[in-house]
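Structural overview for review
Here's the letter readout for the chains.
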Amino acid sequence: MGKKMPDPNSVVADQPKCPFVDMWSDEYNKNNLEILKHLREEHDLAFHKQGNTTVPLVTRYKDLWKIQRDWRTFQSGRAASHLADRRYDDPNDTPVFIPLDTDPPVHSEWRQIIEPLMTLKKMEAHSELIEGIADDLLSGLEGRTSFKVMDEFVRPMQARAIFAAILGVPADSDRILQFSEWAQDALIVPERAVDAFASLSAALLEILQERRENPRGDDDIVTVLANCRPGGEVPEDADLIKIMIALTLGGLESTGTVLSGTIHHMATHPDDLKELQDDMSLLDEAIEEALRLFVNVTLMQRTVTKETTLNGYDLEPGDKIWNLPGSANRDETVFPNADSWDVHRENKRHVSFGAGIHRCLGSNLARIFLRVAFTSVLTRMPGIALAPDQTIDTHSMPTRGLTEFVVTVDEITPAAAAR
Ligand code: HEM
């Protein structure tokens with residue numbers, strides 16, 4: 001017998017000393033890294049209260065790694081993701097995405113269909129498309145010496161690249177603007193989330209039906225989904241939409257946040273910027289370091305399937321657990337000087353893409369996007385620095401990232417001159 005989980009109603013949170021934290025609080029947002037460091041170093045488990053549920057928070061790398069890989073004890077089928085603002089409700093128990101919120105054998109059947117569509121070789125074919133998007137956005141900024149990073153570069157870049165690559169629609173189509181508004185609402189605006197989900201699902205169904213009438217080749221993701229037979233059965237269209245939503249919504253802000261975190265870092269650390277500009281062969285190392293430091297995924301939820309213990313605490317079937325990759329990635333026992341940017345770090349096994357059977361299906365596309373985008377930052381934004389006199393806000397739930405910031409540059413170098 002281990003220790004019982006604490007009763008949320010009998011504890012008064014005293015952050016950061018107490019292992020109870022309110023992950024929705026301003027305090028958690030503002031002092032996120034300090035709080036996580038304290039919890040990781042001082043407490044075998046930390047706890048978050050939501051609705052009437054006490055949720056253990058897994059902050060250490062080795063615990064997170066073990067749980068993510070033990071899908072028999074820690075299932076995803078009762079919702080692995082956390083959408084919109086649920087601060088007043090019990091943790092999500094309803095599956096939304098496929099294959100994220102499924103378990104074997106259903107999960108394996110879907111992975112067998114989707115994985116071959118997302119290989120490095122197939123995703124590399126999108127490099128030129130993504131380069132064109134970056135060039136187009138930066139051409140629009142030529143002549144300017146300052147710009148809003150999120151609104152004028154990162155958000156349109158992530159939306160155009162991910163929707164175009166996954167759905168095969170033109171990168172400059174008006175549809176994409178509409179899709180990204182719905183995506184934003186579905187993920188972070190609770191009062192519009194349900195309608196936005198419904199509108200996006202209807203639009204994706206239209207694309208699925210279009211592609212059934214006019215199929216493209218075996219490399220086209222929607223064409224393959226439209227005709228697939230998981231486990232030999234004809235799937236429901238509703239399930240195919242859940243996959244298309246996972247592949248698009250799952251790839252947007254996640255990828256853009258690593259880019260915005262890196263732009264902010266380069267604008268505030270001129271030595272790190274110069275090191276990369278002087279030696280572009282370090283780009284792949286820089287991408288891994290950026291993924292480790294600037295992950296936007298705040299939690300991966302699992303539901304316990306059988307009695308077990310974790311660091312001395314009893315867990316019962318039905319209990320929820322939240323794995324925090326942003327904390328595990330800064331675990332000093334695995335990544336010395338974890339808070340510093342170091343492209344020469346030997347251990348690159350961050351958990352930003354998760355681990356185990358649910359490891360991210362979009363990691364190849366994300367890395368290609370980041371390679372193109374980082375190249376643009378390094379070659380087309382000389383003298384990049386933070387604009388003075390601004391307050392930079394962050395958000396930490398349900399995802400973490402910089403909300404907006406402004407940089408100054410000497411110029412936006414035209415694409416032809418930068419190559
Ligand atoms: C830097 C960018 C990204 C990050 C940090 C990221 C992170 C993650 C993480 C942590 C998981 C595991 C979730 C869990 O175990 O509960 C995951 C799964 C997934 N990701 Fe990503 N992701 C990124 C980009 C993408 C992109 C570009 C796509 C699609 C184009 C994508 C699609 C998916 C899908 C479909 C899954 C579910 C896989 C499964 O359940 O088997 N992700 N991602």
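Residues numbered from 1 in each chain as written. Predicted model: local features only at pLDDT ≥ 70, side-chain atom pairs only at ≥ 80, totals over all residues.

**Looking at the overall build of the chain**
A tally of regular secondary structure across the chain gives 17 helices and 13 strands. In summary, the chain has a C-alpha radius of gyration of 21 Å against a globular reference of 22 Å for 419 residues, a match within 12%. In terms of its C-alpha atoms, the chain occupies a principal-axis envelope of roughly 65 × 55 × 40 Å. Per-residue burial over the chain gives 42% buried out of 419 residues. Restricting to contacts in the chain with at least 6 residues of sequence separation, those with at least 24 account for 69%. (Helix = DSSP H or I, 4+ residues; strand = E, 2+ residues; numbered from the N terminus. Rg over C-alpha atoms; globule rule 2.2 N^0.38 Å. Buried ≥ 20, exposed ≤ 12 C-beta atoms within 10 Å, placed from the backbone. Contact = placed C-beta atoms within 7 Å.)

**Re the sheet that holds strand β6 (residues 300-304)**
Spatial strand order, β1-β2-β3-β9-β6-β4: 6 strands in an open sheet with mixed pairing. Looking at the sheet topology across the chains shown, the edges are occupied by β1 (20-21) and β4 (74-75). Note: strand β2 (residues 46-50) against strand β3 (residues 53-58), 5 bridges, orientation antiparallel. Following the sheet pairing, Lys49 is matched in β3 by Thr54. Helix-sheet contacts for helix α3 (residues 61-69) involve β3, β4, β6 and β9 (320-323), and the interaxial angle to β9 is about 125°. (Pairing = 2+ DSSP bridges. Axes fitted to C-alpha atoms, helices over the stretch in contact; angles between N-to-C directions.)

**Digging into the pairing of β6**
A large share of β6 lies buried, amounting to 5 of its 5 residues. Across the two faces of β6 the burial is the same, with Met300, Arg302 and Val304 and Gln301 and Thr303 all buried. Examined bridge by bridge, β4 and β6 share 2 bridges and lie antiparallel to one another. What sits directly across from Gln75, in β6, is Thr303. One ladder, built from 4 bridges, connects β6 with β9; its direction is antiparallel. Looking across to β9, one finds that Met300 is bridged to Asn323.

**A short note on the sheet that holds strand β10 (residues 385-386)**
The antiparallel open sheet is built from 3 strands, whose spatial order is β5-β13-β10. Each edge of the sheet is formed by a strand with only one pairing partner; in this case those strands are β5 (146-148) and β10. The pairing of β10 with strand β13 (residues 406-408) spans 2 bridges and is antiparallel. The residue of β13 that forms the bridge with Ala385 is Thr408. Taken strand by strand, helix α7 (residues 149-167) contacts β5 and β13, and its axis lies near 65° from that of β5.

**Comments concerning the confidence of the model for the chain**
Averaged over the chain, the pLDDT score is 94; the fraction of residues at 70 or greater is 97%. Note on residues 12-17: pLDDT is under 50 here. Beyond four places in sequence and across chains, it has 10 contacts. (pLDDT = per-residue confidence, 0-100.)

**Regarding the site of the ligand**
For the ligand, the set of nearby residues contains 29 residues, the closest of which are Gly251, Ser254, Gly354, Cys360 and Gly362. Put simply, the parts of the chain that give the shell around the ligand at least two residues each are α7, α11 (237-249), α12 (252-268) and α16 (363-380). The biggest single contributor to the shell around the ligand is α12, with 3 residues. Residues belonging to the shell around the ligand are distributed by class as follows: 18 nonpolar, 10 polar and 1 charged. (Near = placed C-beta within 6 Å. Nonpolar A, V, L, I, M, F, W, Y, C, P; charged D, E, K, R; others polar.)

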